[in-house]
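Residues per chain are reported as follows:
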Amino acid sequence: MRYAETGFNLEVDLTRGSIEKVATNPKDTELYLGGLGTNAKILWDRVPPEVEPFSPENLLIFSAGLLCGTPATGCNRTIVTTISPQTKLMAFSMMGGFFAPELKYAGYDKVILRGKSPDLVYLWINNGTVELRDASHLKGRGAIETAEIIRKELKEPKAQVAAIGMAGENRVFFASIEQGRSSASRGGIGAVMGDKGVKAIVVRGTQDIHVAKPAEYMDLCNEVMEYIQFRNDNPIPGVMPILAGLGSPQEMKVHDEKWHTENFMWGNSRTRRKGFWTDEIAREWMETLDKSRTRLISCYNCPMTCGATISMPGLPTYMMKCFTKLTYTMGAFSDLDFGLKIAQRATEYGVDGFSAPQVMAFGLELLENGILAKADFPDMPEDNEGRFYYLLDKIVRREGVGDVLADGTYWAAKAIGNGAEEYAHNNIKKHEQLPLKLSMLNPIYFLMYSTGEKMNITQIEGQFPQAPYPKREHREAFVKDWHHVPDEKFKQYFLDWEPRGEKSMPFYPTVDMCCDIVDWQEKMHYIDDALGMCAGLSSFPLKPPYHIHNYPKFISAGAGFDMDEASLSQAAKRYRTLVRAINIRRGMRRKDDRPPKNHWKKRFPELEKELLDTYYRFKGWNNDGIPTKESLDELGLGYVSEDFVKRGILTEGEDALAEAAAAQQETK
Amino acid sequence: MKGKKEKKTVKTIKINVDKCNGCRACEMICSAFHAEPKYSSNNPARSRIRIIREPLRDLYVPVYAGEYAVAECAGRDKYTIDGKEYDECSFCRASCPSRDEFKEPDSGLPLKCDMCEGEEEPLCVKWCPHDALILEQREEEGEALDPQDEQEDIEIGLEALADKYGLEKIKDAVARISKKD
């Protein structure tokens, strides 16, 4: 008997149209947990680095997390993994909603797609009955529209649907997979789904998910529920509202957007508009949101209401969450009404709300600066908002200039040339980032931006406050109920952290402290992604209900194998290193581990070098960011080190050489 | 026995559809509570509460499993409330042949809400911090509990089984089970 997980994956060969239910190895669960962890193992084993993103040999894996479908509040994430067409590295975008638990109830932990379907199809998983069905009538349909049509034609109103829109069908490099109120957006995984000829995956499940120790497990769940209510009643003082509570940033709830609109960049991540948030704008935007927002809504088994149903006059209803609320508005220098309207179309097309507006703003910047010509934009309207609609339509159809822009700013700039590269300025590893440009280097964020392989800052930050508190008494109050820290030393790091003076950024927290802080924050995200837990109840907010002290208990009582803090940390380190290894094998190196050049105005090259050197050593990676043989072997990843040696990525005896060099360094 | 009056507590759940955010925690916890052994598994398809849910039309109606109905009902009226059209089924508690709601997914046996007997409050209420579900209790004079009620429950269950599989098969099954004991 398997607990928490089902013990089965669905293997779908789209080329041959074959479907197989395959039992998984429980040993892999103990080593890699599930979700992201076991996805990484499959990707390492089955997708060698020669495989191109749009090759039939690339896999597209939809995985429920290990604890999805159990009563653990907020555990509902689907982790989608493939090789990204944009970064050519491993992409592991996630979505909340209702898909992962439904997949578990249908009797599967993962759906693994390989090959390519000759015709557009959708996969219909109805408990034990699984079939590929013709989707030619859905070609060009919106993602949300598609879900509605499929539910009707199957007469299954309770089926959960993950679908792509036109962007995915046309292999736009920032195409998303949409699922009702949620989407897996980053890394262009929707393009891989489109390339495989799969319009949607539809699932309905009515079977049981078991836990190993029911009474213990429920006690843990009840504690979490109580703590969520405590935190909802007691927001953290001294931080801005979106950081004070739990959940994803509560963008659907809040009206006050002074902080985002005045601190984040507008257009192609360039222009800061201090003083933008006037009373008049506040009133207008409040009216817009109140008029369009029908209801705040949740994901499966979660009391947070991070999403909303949005009905703009004259447009079909759609659902939204988080920061997409503002990305189109700010990309186009427009207002909230425009942002919510164009987001409706963008959601149906299925594009990433971070990348898409920046790509469009980038295209217009190239036009303004004479790098692209007016002739490249035939029949484009004059007004800014009209231009955004125009570009969105061109991009998802890959028409004209849209075909180039559909590859994202990095590849588009390369193809356009003529100095366009300077305008693709906000990328990490070829992937568009949050539109933020700041003044003084933050050493913690430097490391997170450089080495976060999810390539999105919100997917690595979280547990440690973003900035020091001005007064010591406030810091003392903060650490009082900070039982989430893995070690008491983190409290001291925070207590001593000052906004100014000797113990302030960029030299405090010290390099070693930064390594500890970044490692802790990253670890919590990696654990979430294996268990299927929403970051909004765990790794993203301060003082969350799930943390390193109760997670091992959840795994032991839920999945039924022994786990403590040390072994959980070791497992997380194992598959985190495996993710690194997959990317290293695909050519990623130290040169790729860096934030956008202009992310901070004040940079400290020597300190940055020391930060990266030290963090690499701390992680067990060599000076080029490659996990060493010794650290791989210690994690039970001997098969990786063997492969590295075979490929010449590592050489035998390299560890000894590196150690000697490090020793020499220290004696200098 | 019939006709004898006594004071008893009547439990009502007040349902506020405006406060429901569609998370279905109520379905999850209901199915976990009623699992054997308690909390050992969960499966919303076994739940005795269902959210009739159509997000794009903003319909969210929590409904509790009530009586078993042998046949489909005659009327399927439509209600329009606050501009939103609801099917009559959205408010109906019956476990009936016209829909999948309130039936065990494998056996097809009807399910019925028992207000989580023995708990302080029904767990769906406890797991709904948004107060879409609120327990109300009041004292009422009513007919005394009839030992026949239990008998009736058994008969309802058996009848449902007989409807599904035929009386002969049920008799056979009962005979087999009796032998085992």
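Now for a description of the structure that goes with this document.

Procedures and definitions
- Residues numbered from 1 in each chain as written.
- Chains lettered and ligands numbered in written order.
- Predicted model: local features only at pLDDT ≥ 70, side-chain atom pairs only at ≥ 80, totals over all residues.
- Heavy atoms only, no water.
- Helix = DSSP H or I, 4+ residues; strand = E, 2+ residues; numbered from the N terminus.
- Buried < 20%, exposed > 50% of the residue type's maximum accessible area, 1.4 Å probe, protein only.
- Rg over C-alpha atoms; globule rule 2.2 N^0.38 Å.
- Contact = heavy atoms within 4.5 Å.
- Areas by Shrake-Rupley, 256 points an atom, 1.4 Å probe, with all protein chains shown as cover.
- Lys, Arg positive; Asp, Glu negative; His and termini not counted.
- Charge placed at Lys NZ, Arg CZ, Asp CG, Glu CD.
- Axes fitted to C-alpha atoms, helices over the stretch in contact; angles between N-to-C directions.
- Left-handed = near helix turned anticlockwise from the far one by under 90°.
- Nonpolar A, V, L, I, M, F, W, Y, C, P; charged D, E, K, R; others polar.
- Patch = residues over 30% accessible without salt bridge, like charges linked within 9 Å, V, L, I, M, F, W, Y side chains within 5 Å.
- Salt bridge = Lys/Arg side-chain N within 4 Å of Asp/Glu carboxyl O.
- Core = buried A, V, L, I, M, F, W, Y, C linked by side-chain atoms within 4.5 Å.
- Phe/Tyr/Trp six-rings, centres within 6.5 Å; stacked < 30°, edge-to-face > 60°.
- Lys NZ or Arg CZ within 6 Å of the ring centre and 35° of its normal.

1. Things to note about the overall build of chain B
- Each helix and strand counted, chain B has four helices and seven strands in total.
- Helices and strands appear in chain B in the N-to-C order β-α-β-β-β-β-β-α-β-α-α.
- Its C-alpha atoms give chain B principal-axis dimensions of about 55 × 40 × 40 Å.
- For chain B, the proportion of its 181 residues judged to be buried stands at 39%.

2. What about the overall build of chain A?
- Within chain A, the regular secondary structure consists of 26 helices and 20 strands.
- In terms of overall size, chain A behaves like a compact globule, its C-alpha atoms giving a radius of gyration of 24 Å where 668 residues would be expected to give roughly 26 Å.
- On the principal axes, the C-alpha backbone points of chain A span a range of 65 × 60 × 55 Å.
- Out of the 668 residues in chain A, the part that is buried amounts to 64%.
- Counting only contacts in chain A whose residues sit at least 6 apart along the sequence, the fraction spanning at least 24 positions is 69%.
- Accessible area of chain A: about 23,900 Å², with a carbon and sulfur share of 51%.
- Between the averaged position of the 83 positive side-chain charges in chain A and that of its 91 negative side-chain charges there is a distance of 1 Å.

3. Points about unusual backbone geometry
- The residue after Tyr508(A), namely Pro509(A), is reached through a cis peptide bond having omega -5°.
- Relative to the elements of secondary structure, Pro509(A) occurs in the loop between α19 (489-495) and α20 (511-531).
- Note that the residue after Glu36(B), namely Pro37(B), is joined by a cis bond; omega there is -10°.
- Take Pro37(B): it is sitting in the loop between α1 (25-33) and β2 (41-42).
- Within the chain, Asn127(A) stands out as a residue other than glycine whose phi angle is a positive 50°.
- Within the secondary structure layout, Asn127(A) lies in the loop between β7 (121-126) and β8 (129-134).
- The backbone phi angle of Ser269(A) is positive, close to 50°, even though this residue is not glycine.

4. Some points on the packing of helix α2 (residues 36-46) of chain A against helix α22 (residues 565-585) of chain A
Residue and element names in this part refer to chain A.
- The interhelical angle for the contact between α2 and α22, taken along N-to-C directions, is 35°, at an axis separation of 9 Å. Handedness of the α2/α22 crossing: left-handed. Between α2 and α22, the residues in contact are Leu36, Gly37, Ala40, Lys41, Leu43 and Trp44 and Tyr575, Leu578, Val579, Ala581, Ile582 and Arg585, respectively.
- Each residue belonging to the contact of α2 with α22 can be placed in one class, and the counts come to nine nonpolar, one polar and two charged.

5. So, a nonpolar patch on the surface
- A grouping of Tyr79(B), Ile81(B) and Phe91(B) is seen on the molecular surface, where their side chains present a nonpolar patch of about 270 Å² in accessible area.
- According to the relative accessible area criterion, Ile81(B) is partly exposed, its value standing at 38%.

6. Structural notes on the nonpolar core
- Grouped together as the largest cluster of nonpolar side chains are 213 residues, with contacts concentrated most on Phe62(A) and Ile125(A).
- Among the nonpolar cores identified, the runner-up in size contains 18 residues, and Cys113(B), Met115(B), Val125(B) and Leu135(B) belong to it.

7. A look at the packing of aromatic side chains
Residues and elements named next belong to chain A.
- Under the criterion given, the structure shown has 43 aromatic pairs over all chains.
- Between phenylalanine 62 and phenylalanine 99, the ring centres sit 6.0 Å apart and the planes meet at 45°, which makes this aromatic pair tilted. Taken as a pair, phenylalanine 62 in strand β3 (residues 60-64) and phenylalanine 99 in helix α3 (residues 99-106) lie far apart in primary sequence, 37 residues in all. Per residue, the accessibility class of phenylalanine 62 equals that of phenylalanine 99, and both read buried.
- Judged by centre distance (5.2 Å) and plane angle (80°), the ring pair of tyrosine 469 and phenylalanine 494 falls under edge-to-face. Of this pair, tyrosine 469 sits in the loop between α17 (443-451) and α18 (472-480) while phenylalanine 494 sits in helix α19, placing them 25 residues apart in sequence. This pair shows no difference in class: tyrosine 469 is buried, exactly as phenylalanine 494 is.
- One aromatic cluster in this structure is built from Phe464, Tyr469, Phe478, Trp482, Phe490, Tyr493, Phe494, Trp497 and Trp520.
- Over the face of the ring belonging to tryptophan 266 we find arginine 273, whose NZ or CZ atom lies 4.2 Å from the ring centre.
- One cation-aromatic arrangement involves lysine 543 over phenylalanine 478; the distance from NZ or CZ to the ring centre is 3.9 Å.

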